[in-house]
Amino acid sequence: MRADSRLGAVASGGQTMSDSEPRSPARAEGSPPGRNAAIEGSVLETRDLVVRYGDTAAVMGVSLAIPERSITAIIGPSGCGKSTLLRTLNRMNDFIPSVSIEGRIYYRGLDLYGSDVDPVEVRRRIGMVFQKPNPFPKSIYRNVAWGPQINGLDTNLPELVESSLRKAALWEEVKDRLREPATSLSGGQQQRLCIARALAMEPEVILMDEPCSALDPVSTAHIEDLMFELKERYTIVIVTHNMQQAARVSDHTAFLEAGQLVEFGDTNRIFTKPEVRRTEEYVTGRFG
Amino acid sequence: MSASKVDQSASKIDLRATPKLRARRTRASVFRWLCQAMTLSAIVFLGLLLFQVVRDAWGWLDWNFLTSFPSRRPGNAGIKGALFGTLWLISFTALISVPVGVAAALYLEEYARPGRLNTLIQINIANLAGVPSIVYGILGLALFVRGIGLGKSVLAASLTMSLLILPVIIIAAREAIRAVPSSLRQAAYALGATRWQTVRHHVLPSALPGILTGVILALSRAIGEAAPLIMTGALAFVAFVPRSPMDDFTALPIQIYNWASRPQADFHHLAAAGIVVLLMVLFAMNSVAIVLRQRASRK
């Protein structure tokens, strides 16, 4: 399938971020101007991105630069393409055979869909948390340790598991039951476990696809607090259809409608002084 | 609803069943009893069958019967050759069909692009599951016994049996693999797992109980089949135990058929005893599979 046919030259194994970083400026110089000049401070950048499922376009010409170490929210009505957009950012759409992509996505100046890019390597650096908590039906410990294990990360696993669980604010609740099945946790705990699992890979970016939509308000508050802490070290992109959540947690907000980017900017501004009328109508709850 | 009458005079709510509800309840319980009766009748017929077989076999099924080879004198006849033949046959059939079947199912579910070709293959496999076993016997005779010259061996019969039960294993394994939630695969891929790592660590373990159920059903079918064995040349009178997969052999269904078709009543008792042995082998095999399945689903 597509994911495998794109196996590229990027070696997998014990490689870390530092291996590729020196390469990105070199590539930026060699590429045609205007196509690859990343916006200052942005980690991920889409350029005229079009994503199609067969003949129907779900994302139509979105250009978006996601700033580093901050939370970017993507909001919009159901079916506006926000999840699709998110999933192209770490190539999770590769598994859907009918998906085709036009335009460019740059990760630190590197073309994410370039022919020499291995999607497995991409997903190691750009982690993902899903709408429904999806822990593996294994122990809590194995859930966190599995990613580093299969990627051959040369670390002290128990230490990494503990630090990841601490970062996900779950350690205190599970430290005495690491061998118990992850499915014995509550929904909110499971979602934090999924975040810990993503953190254990030491990613640079974490994509969250409506991470709180299956959770109760208390668990939601937990996760939102956690996101505040995580943005000190990670770049977070969150898709949400909860506008209050976007207003509460994010620094930047992108409003998507019918596959098109209507407005993108400071969350404060988007929610108080939007420039486009559709945005105002949406954030004030007049439609959507 | 007009049926929900309220007792106005006492200004109380009437929660007793209305005639309409009573009729609905009657229908519900009739259906329930019908289902129960069907289940019971299946069990009763099975029990009757078992009872009759065991009654016929009574007194004939002893250690001598298990350790002797067939004889023209019913009193001396035993089932050793057929029992060992069946054990050889079913072991090799499992060794061949399970890896091939599971691999095929994995390929079709996890690797192959869904599309017209995939659908076509799927329909064909389902059709193959319905092909009469004698047809597989003819295929086995042409392909394995004569074509590649395996002769009337355990191996040729096992290969034929494998062809016969492969569709069942593939279909069951596909269903089991398809039932693994895609969220599990996505979780693995999102952590930078390759397809093989995802399949090996998450898809296969989750699908294992379902796959084992399919394997039990398939092998249970194989162990009772006589037609393909007749075609591929299982012998009716074997006074030895196979020592290699290339040896001649006979199997329990063949031996049972042979005894049952003789005119003397004593041989009919032998046939019944043979059936009991066959059932016991089947039972032992299924017990192993069930234990394996439970261990797999507990993880």
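Scroll up for the structure.
Residues numbered from 1 in each chain as written. Chains lettered and ligands numbered in written order. Predicted model: local features only at pLDDT ≥ 70, side-chain atom pairs only at ≥ 80, totals over all residues.

Caption draft 1: Just the overall build of chain B, in detail. For chain B, the helix and strand inventory stands at 11 helices and 0 strands. Along chain B, helices (α) and strands (β) appear in the sequence α-α-α-α-α-α-α-α-α-α-α when read from the amino end. For chain B, the C-alpha radius of gyration of 26 Å lies well beyond 19 Å, the compact-globule estimate for 299 residues. Expressed along its principal axes, the backbone C-alpha trace of chain B runs to roughly 90 × 60 × 35 Å. Restricting the contact set of chain B to residue pairs at least 6 apart, pairs at least 24 apart contribute 73%. (Helix = DSSP H or I, 4+ residues; strand = E, 2+ residues; numbered from the N terminus. Rg over C-alpha atoms; globule rule 2.2 N^0.38 Å. Contact = placed C-beta atoms within 7 Å.)

Caption draft 2: Region of interest: helix H10 (residues 217-230) of chain A. Residue and element names in this part refer to chain A. Relative to the 20 Å expected for 14 residues at 1.5 Å per residue, H10 spans 20 Å between its end C-alpha atoms, a close match to the ideal helical length. Here H10 has its buried residues at His222, Ile223, Leu226, Met227 and Leu230. The buried residues of H10 occupy an angular sector of 140° when the element is viewed end-on, so they sit on one face. Within H10, the exposed residues directed more than 90 degrees away from the buried face are Pro217, Val218, Asp225 and Phe228. Turning to H10, the residues buried within the fold contact strand E3 (71-75), helix H9 (187-199), strand E7 (205-209), strand E8 (235-239) and helix H11 (243-249). (Expected span 1.5 Å × (residues − 1). Buried ≥ 20, exposed ≤ 12 C-beta atoms within 10 Å, placed from the backbone. Arc of directions from axis to C-beta.)

Caption draft 3: Spotlight on the environment of Ala77(B). Residue and element names in this part refer to chain B. Secondary-structure assignment places Ala77 in the loop between helix H2 (63-67) and helix H3 (80-111). Separated by 11 residues in the primary sequence, Ala77 and Leu66 place their C-alpha atoms 9.2 Å from one another. If we skip the residues at most four places from it in the chain, Ala77 touches Ser68, Pro70, Ser71 and Leu270.

Caption draft 4: Representation of the sheet that holds strand E10 (residues 260-266) of chain A within the structure. Residue and element names in this part refer to chain A. Strands sit in the order E6-E7-E8-E3-E9-E10 across an open sheet of 6 strands; the sheet is mixed. Only two strands of the sheet have a single partner each, and these edge strands are strand E6 (126-129) and E10. Ignoring which end each strand starts from, the neighbouring axes of this sheet average 15° apart. Relative to E8, E7 runs parallel, the two being bridged by 5 bridges. In the sheet register, Asp209 faces E8, and the bridge partner there is Val239. The strands touched by H9 within the sheet are E6 and E7, with E6 carrying the most contacts at an inclination of about 170°. (Pairing = 2+ DSSP bridges. Axes fitted to C-alpha atoms, helices over the stretch in contact; angles between N-to-C directions.)

Caption draft 5: Examining the interface of chain A and chain B more closely. Listed by partner, the interface residues are 22 residues for chain A and 17 residues for chain B. If you list the elements that add at least two residues to the side of chain A that touches chain B, you get helix H1 (2-5), helix H5 (119-125), E6 and helix H6 (140-150) of chain A. Partitioning the side of chain A that touches chain B into residue classes produces 13 nonpolar, 4 polar and 5 charged. (Nonpolar A, V, L, I, M, F, W, Y, C, P; charged D, E, K, R; others polar.)

Caption draft 6: Focus on the pairing of E7(A). Residues and elements named next belong to chain A. With 5 of its 5 residues buried, E7 lies for the most part within the structure. Of the two faces of E7, the one lined by Val205, Leu207 and Asp209 and the one lined by Ile206 and Met208 are each fully buried. As judged from the 4 bridges shared by E6 and E7, these two strands associate in the parallel manner. Its bridge partner being in E7, Ile126 is matched across the sheet by Val205. Crossover connection from E7 via H10 to parallel E8: handedness right-handed. (Right-handed = clockwise from strand over helix to strand, strands pointing away.)

Caption draft 7: Looking closely at the packing of helix H7 (residues 182-190) of chain B against helix H8 (residues 195-224) of chain B. All names here are of chain B. Two elements in contact, H7 and H8, have axes whose closest approach is 10 Å; the angle formed by their N-to-C orientations is 155°. Relative to H8, the element H7 is oriented roughly antiparallel. For the pair H7 and H8, the sense of crossing is right-handed. Here Leu184, Arg185, Ala188 and Tyr189 of H7 come into contact with H8, specifically with Gln197, Thr198, His202, Val203 and Ser206. Per-class residue counts for the contact of H7 with H8 are 4 nonpolar, 4 polar and 1 charged. (Parallel < 35°, antiparallel > 145°, perpendicular 65-115°, else oblique. Left-handed = near helix turned anticlockwise from the far one by under 90°.)

Caption draft 8: Helix H6 (residues 154-178) of chain B, seen in detail. Residue and element names in this part refer to chain B. The terminal C-alpha atoms of H6, which comprises 25 residues, lie 34 Å apart, in line with the 36 Å expected from a rise of 1.5 Å per residue. Where H6 bends most, at Ile165, the angle is about 45°, and the proline Pro167 comes one to four residues later. The buried fraction of H6 is high, at 22 of 25 residues. (Bend = angle between axes of the 7 residues up to and from the residue.)

Caption draft 9: Focus on unusual backbone geometry. Residue and element names in this part refer to chain A. Even without a glycine there, the phi angle at Arg108 is positive, about 50°. Here Arg108 shows up in the loop between strand E4 (99-107) and strand E5 (110-111). Given 22 C-beta atoms within a 10 Å radius, Arg108 is considered buried. Positive phi, close to 55°, is recorded for Ala169, a residue that is not glycine. Position of Ala169 relative to the elements: it lies in the loop between helix H7 (157-167) and helix H8 (171-174). For Ala169, a count of 17 C-beta atoms within 10 Å corresponds to the partly exposed category.

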